[in-house]
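Here are the chains, one letter per residue:
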Amino acid sequence: MPNASSWSASSPLLLLWEDSSGTRIFLSLLYAVLAISGTLSNVMVIYLVFSFKKLQTTSNAFIVNGCAADLSVCALWMPQEAVLGLLPPNSSSLRSPEYRLLRGGLLSLGLTVSLASHLLVAFNRYVLITKLPSVYQALYQRRHTGCMIGLSWALALLLVPLLPGLWTPGSAQQPPPRQTDGSSRYTALLLALAVLGQTALLLHCYLGIVRRVRGSAKRVSVLNFHLLHQLPFPAAPPPPRRAQRRLSSVSVLLLCCVFLLGTQPLVWVSLLGFFLRPAPPALQAASWLLLCSLSALTPLLYTWRSEEFRRAARSVLP
């Protein structure tokens, strides 16, 4: 039986070789919807941040970095998957190793930088809320912020050629190989452990914010920074009441739940394929779909509670 990594590598991620034409058309339409909505939302966030001075903050710099990475998935990779779903299974486009290499590179580059940006945003907000203002100002100088963003792309470019599991040669209309590829199995394991570690750090940051906000409203009111308005929950200068603190915690926990829903299925499917037995192909495809759909949801995750973003959007949209 093929493992999770070899299956994803030897066929388009969600276009399985035994799928009927109706299923392939449905997945193509789903890809098209995610591509259009994700591209528009990511471009809108980038445009608003560059157009309005009040939105040009350190926290939003990391958000824009994630939106730029998500455009690689939503604007470049997803439309190709939508078109491929409408092609016949024996199409030459599905067999070209160079084309598969390009698609795999776009996907791995976008997802790596996007996940790194999620962690950078979480750590930025954690330092802002839980540390002294002097510590925050020393850590997040403009030069340091630029280095963090540059390192996220450098790390992604370094990992792209090290992920052969994304573009192992194969054709979509043929079953995946029966031989177990050891390098692909270990690549899937390392990727799963990396995403699991990143998720643990992100949860530590946001749960630390929740504990600080719930335990000390006075601490939040003292930090009268303009960056507080970029948090996914309200942080007004007056000490929040109990209902407001409860709303803050729910907002952060909702963000964490959406992130977990998008990342963890693929992690545990990969771990299952490495240690026990491969998951069904449909489950593997669904886990990839959830991870890729996170690229379309990122702008909403970080802007839906920001009054500054809503005000800027209202001034631009008719």
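Each remark here, short or long, concerns the structure printed above.
My aim in this report is to walk through the structure given alongside it, one point at a time. Residues take numbers from 1 onward in each chain, read along the sequence in its written order. Two thresholds apply to this predicted model, a pLDDT of at least 70 for residue-level local features and 80 or more for giving and counting side-chain atom pairs, whereas whole-chain, interface and lining totals are computed over all residues. The basis for the side-chain values is all heavy atoms of the structure; hydrogens and waters are excluded.

Below, the discussion takes up the pattern of salt bridges. Put simply, a salt bridge is a Lys or Arg side-chain nitrogen that is within 4 Å of an Asp or Glu carboxyl oxygen. Across all of its chains, the model carries five salt bridges by this definition. Of the charged contacts in the structure, one is a salt bridge between Glu81 and Arg103, with a shortest N-O distance of 2.4 Å. With Glu81 in helix 3 (residues 58-84) and Arg103 in helix 4 (residues 97-130), this pair connects stretches of sequence that are 22 residues apart. Comparing Glu81 with Arg103 shows no difference in burial state: the two are buried. A salt bridge links Glu307 to Arg311; the shortest N-O distance between them is 3.8 Å. Here Glu307 and its partner Arg311 are both found in helix 11 (residues 307-316), four residues apart, which amounts to about one turn of the helix. Exposure is judged per residue with a 1.4 Å probe applied to protein chains only, and the accessible area is read against the type maximum: over 50% gives exposed, under 20% gives buried, and values in between give partly exposed. With a relative accessible area of 42%, Arg311 lands in the partly exposed category. Taken together, the shared-partner salt bridges in this structure form one network comprising Glu307, Glu308, Arg310, Arg311 and Arg314. Helix and strand labels come from DSSP, where a helix needs a run of H or I of at least four residues and a strand needs a run of E of at least two; each type is numbered from the N terminus.

Relative to each other, helix 3 and helix 10 (residues 281-303) sit at 145°, their axes nearing to 9 Å. Here helix 3 runs over helix 10; the crossing is left-handed. Contacts from Ile63, Cys67, Asp70, Val73, Cys74, Trp77 and Met78 of helix 3 reach helix 10 at Cys292, Ser293, Ser295, Ala296, Thr298, Pro299 and Tyr302. Each residue is assigned to one class: nonpolar for Ala, Val, Leu, Ile, Met, Phe, Trp, Tyr, Cys and Pro, charged for Asp, Glu, Lys and Arg, and polar for all the others, Gly among them. Partitioning the contact of helix 3 with helix 10 into residue classes produces 10 nonpolar, three polar and one charged. A fitted line through C-alpha atoms serves as each axis, taken over the contacting stretch for helices, and the angle formed by two N-to-C directions is quoted from 0 to 180°. Here is the rule for handedness: rotate from the far helix to the near one, and if that takes an anticlockwise turn smaller than a right angle the crossing is left-handed, while a clockwise turn gives right-handed. In what follows, residue pairs with any heavy atoms lying within 4.5 Å of each other are defined as contacts.

Glancing now at helix 10. Under the convention used throughout, the expected extent of a helix is 1.5 Å for every residue step, that is, one less than its residue count. The terminal C-alpha atoms of helix 10, which comprises 23 residues, lie 35 Å apart, in line with the 33 Å expected from a rise of 1.5 Å per residue. A maximum bend of about 50° is found in helix 10 at Leu297, where proline Pro299 lies one to four positions downstream. Fitting axes to the seven residues ending at a residue and to the seven starting there, one defines the bend at that residue as the angle between these axes.

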